[in-house]
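# Structural description and commentary
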Amino acid sequence: MPARIYRPSPNAMQSGRGKSKQWVLVFEPETAREIEPLMGYTASTDTRTQVRLAFDTFEEAEAYAQKQGIAYSVQPAHERVVQRSSYSDNFRSDRKFPWTH
């Protein structure tokens, strides 16, 4: 069963960087989910998709996957782009779009 190693992106609704510093190993689903006919829930017999392992570094995650004999793919980490701006930039005369009420 293949696994995916990645570093999750921070929550877009908050300015903090919580839970975005660790690397995560998750297993890809082997079988598709199916709709349970009685209640209509989605069900799967694949329990490995519930496993989510967190590691402090990429090297630890890679070493774990190799030691356990897990085929894995790596999703590269996204580096954050910081755009600095100040309040006075809203009123500059050389703005791309003129400021109006």
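For clarity, every value in this text was computed on a predicted model and none was experimentally measured. (Residues numbered from 1 in each chain as written. Predicted model: local features only at pLDDT ≥ 70, side-chain atom pairs only at ≥ 80, totals over all residues. Heavy atoms only, no water.)

Counting secondary structure elements, the chain contains one helix and six strands. Helices and strands in the chain line up, N terminus first, as β-β-β-β-β-α-β. Computed over C-alpha atoms, the radius of gyration of the chain comes to 22 Å, more than 25% over the 13 Å expected from 2.2 N^0.38 for 101 residues, which places it beyond the range of a compact globule. Based on the C-alpha atoms only, the size of the chain along its principal axes is roughly 60 × 45 × 20 Å. (Helix = DSSP H or I, 4+ residues; strand = E, 2+ residues; numbered from the N terminus. Rg over C-alpha atoms; globule rule 2.2 N^0.38 Å.)

Here we take up the confidence of the model for the chain. Detailed reading of the predicted coordinates is not advisable wherever pLDDT is low. Of all residues in the chain, 95% have pLDDT values of 70 or greater, and the mean over the chain is 85. The element-level mean pLDDT for the chain is lowest in strand β4 (residues 42-43), coming to 87, with helix α1 (residues 58-68) highest at 95. (pLDDT = per-residue confidence, 0-100.)

Inspection of the secondary structure assignment puts aspartate 46 in the loop between β4 and β5 (52-55). This buried residue, aspartate 46, is left without a salt bridge; arginine 48 holds the nearest opposite charge, at 6.3 Å. The residues touching aspartate 46, leaving out its near neighbours within four places in the chain, are Met1, Glu28, Pro29, Glu30 and Thr31. (Buried < 20%, exposed > 50% of the residue type's maximum accessible area, 1.4 Å probe, protein only. Lys, Arg positive; Asp, Glu negative; His and termini not counted. Salt bridge = Lys/Arg side-chain N within 4 Å of Asp/Glu carboxyl O. Contact = heavy atoms within 4.5 Å.)

It is worth spelling out the sheet that holds β5 at this point. Taken together, four strands build an open sheet; the order of strands is β5-β2-β1-β6 and the sheet is mixed. With one partner strand each, in any of the chains shown, β5 and β6 (72-74) form the two edges of the open sheet. Ignoring strand direction, the axes of neighbouring strands in this sheet form an average angle of 20 degrees. The pairing of strand β2 (residues 23-27) with β5 spans four bridges and is classified as antiparallel. Bridge assignment links tryptophan 23 to a residue of β5, and that residue is phenylalanine 55. (Pairing = 2+ DSSP bridges. Axes fitted to C-alpha atoms, helices over the stretch in contact; angles between N-to-C directions.)

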